[in-house]
Amino acid sequence: MSDFEIRFQANAQQAEYWNTKSGPKWVQHDDSMNTRLRLLTDGLLERASPQSGDRVLDIGCGGGATTERIAQVVGLKGKVLGIDISEPLLDLARSRCNELAQVSFENADAQVHPLPQQSFDLIISRFGVMFFGDPYAAFANLGKALTPGGRLHFVCWAPIERTPWFTVPLGVAARHVGEPDPSPPRAPGPHAFSEPEYVVDILTKGGFHEIKVSTVETTIVSPDSPEQHADMFLGLGPASRLVLDRSPDPETLQAITDDLITEMRSHQTKDGISLGATVNYVSARM
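Residues numbered from 1 in each chain as written. Predicted model: local features only at pLDDT ≥ 70, side-chain atom pairs only at ≥ 80, totals over all residues. Heavy atoms only, no water.

Asks: Tell me about the pattern of salt bridges, and please be specific about residues and values.
Replies: Scanning the entire structure with this criterion turns up 16 salt bridges. Close ionic contact of R55 with D121 constitutes a salt bridge, the shortest N to O distance being 3.0 Å. Taken together, the residues R55 in strand β1 (residues 55–59) and D121 in strand β4 (residues 120–126) connect sequence positions 66 residues apart. Owing to a relative accessible area of 17%, D121 belongs among the buried residues under this scheme. With its nearest N and O atoms 3.2 Å apart, the salt bridge here joins R265 to E227. With R265 in helix α12 (residues 250–265) and E227 in helix α10 (residues 226–233), the pair connects residues that are 38 residues apart, well separated along the chain. Connected via shared salt-bridge partners are D30, D31, E68 and R96. (Salt bridge = Lys/Arg side-chain N within 4 Å of Asp/Glu carboxyl O. Helix = DSSP H or I, 4+ residues; strand = E, 2+ residues; numbered from the N terminus. Buried < 20%, exposed > 50% of the residue type's maximum accessible area, 1.4 Å probe, protein only.)

If you want it as structure tokens, here you go:
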């Protein structure tokens, strides 16, 4: 039994992936990813509306950018606990928030971690809740950590076909290595929560009330160069997973890179490279 299987039995595969493969790459691209996701982060925080003195649990906190912004709002009278399964990302988060006394982090699996009951006013997550092996168990566990009337807010991806930010680079890679194998419906991953009815069912059975799912079309804009975009798409997201699975030879990989650069140039605007995206903003109360 591997270390990840011992420490993260409920989600060992995700733990291994986010600690050894994706996590280090996210650290590398963290600043540019936060720029790309800023509009979506703003939308999440506007809806969640953390207040001074709130006790907040940030699930899948990653490199801590969202945690830091929340901490600045809740102030020293509040507290923010960031939980993530990836130690490389938590190292970055701790470095980012090391001067914020109201912030702490835990390397843990929120699906099964024994959270203090009725201890948080708000649970929030930016694209961090779609990877649970058993989401019903996960949200039942999270619900117990909320005070009565406590709020849950998260943002997750809508169906992949509604997000060119994913489909455009994936299509470029697929032209060279073939289409990705179909994944099981609702399997843990970026688009596991793309169906609003599924999300509502999970939260209802977890004891939540006043559940709302708002689907929003937006754009992801970045000033990064086409070359930087190609590098990022080959390190993170569905295109990178396809390339990783197919292990193309160096010549094919270079061809994918060149085509990604050309494709990104076609999406250049005065504000940077722009690609469409569709997300679900989810809210509920305990």
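Next comes the rest of the account.
Asks: An account of the side chain of T163 is requested, with residue identities and associated values reported.
Replies: Residue placement: T163 occurs in the loop between β5 (146–157) and α8 (164–177). Of note is the side chain of T163, whose polar atom sits 3.1 Å from the backbone nitrogen of T278. Contact partners of T163, with chain neighbours within four places excluded, come to W157, G276, A277 and T278. (Polar contact = N/O pair within 3.5 Å; in protein donor to acceptor, adjacent residues only side chain to side chain. Contact = heavy atoms within 4.5 Å.)

Asks: Residue-level account of the packing of helix α3 (residues 22–36) against α10, with values.
Replies: Where α3 meets α10, the axes come as close as 11 Å, and the angle between the chain directions of the two elements is 110°. With respect to their mutual orientation, α3 and α10 come out roughly perpendicular. In the packing of α3 onto α10, the handedness of the crossing is left-handed. Residue-level contacts link Q28, H29, M33 and R36 of α3 to H229, D231 and M232 of α10. Here the contact of α3 with α10 is composed, by residue class, of 2 nonpolar, 3 polar and 2 charged. (Axes fitted to C-alpha atoms, helices over the stretch in contact; angles between N-to-C directions. Parallel < 35°, antiparallel > 145°, perpendicular 65-115°, else oblique. Left-handed = near helix turned anticlockwise from the far one by under 90°. Nonpolar A, V, L, I, M, F, W, Y, C, P; charged D, E, K, R; others polar.)

Asks: An account of the packing of aromatic side chains is requested, with residue identities and associated values reported.
Replies: On inspection of all chains with the given rule, the structure shows 11 aromatic pairs. An angle of 90° between the planes, with centres 6.2 Å apart, marks the rings of F132 and F139 as edge-to-face. The two residues F132 and F139 agree in class, both being buried. Over the ring of F120 we find K79; its NZ or CZ atom is 5.0 Å from the centre of that ring. Sitting over the ring of Y198, R186 keeps its end group 4.2 Å from the ring centre. (Phe/Tyr/Trp six-rings, centres within 6.5 Å; stacked < 30°, edge-to-face > 60°. Lys NZ or Arg CZ within 6 Å of the ring centre and 35° of its normal.)

Asks: Tell me what's going on with the nonpolar core, and back it up with residues and numbers.
Replies: Core analysis: the biggest nonpolar cluster contains 84 residues, and F139, F154, W157 and F193 have the highest contact counts within it. Take this core: its biggest share by element is 8 residues, from α8. What F139 contacts, discounting residues up to four positions off in sequence, is V129, F132, L152, F154, F193, I202, L203, G206 and F208. (Core = buried A, V, L, I, M, F, W, Y, C linked by side-chain atoms within 4.5 Å.)

Asks: Tell me about the pairing of β5, and name the residues and values.
Replies: For β5, a buried count of 10 out of 12 residues is recorded, marking the element as mostly surrounded by other parts of the structure. In this view, the connection linking β4 to its parallel neighbour β5 by way of helix α7 (residues 135–145) has right-handed handedness. Pairing geometry for β5 and strand β8 (residues 272–285), over 7 bridges, is antiparallel. Paired with F154 across the strands is V282, a residue of β8. (Right-handed = clockwise from strand over helix to strand, strands pointing away. Pairing = 2+ DSSP bridges.)

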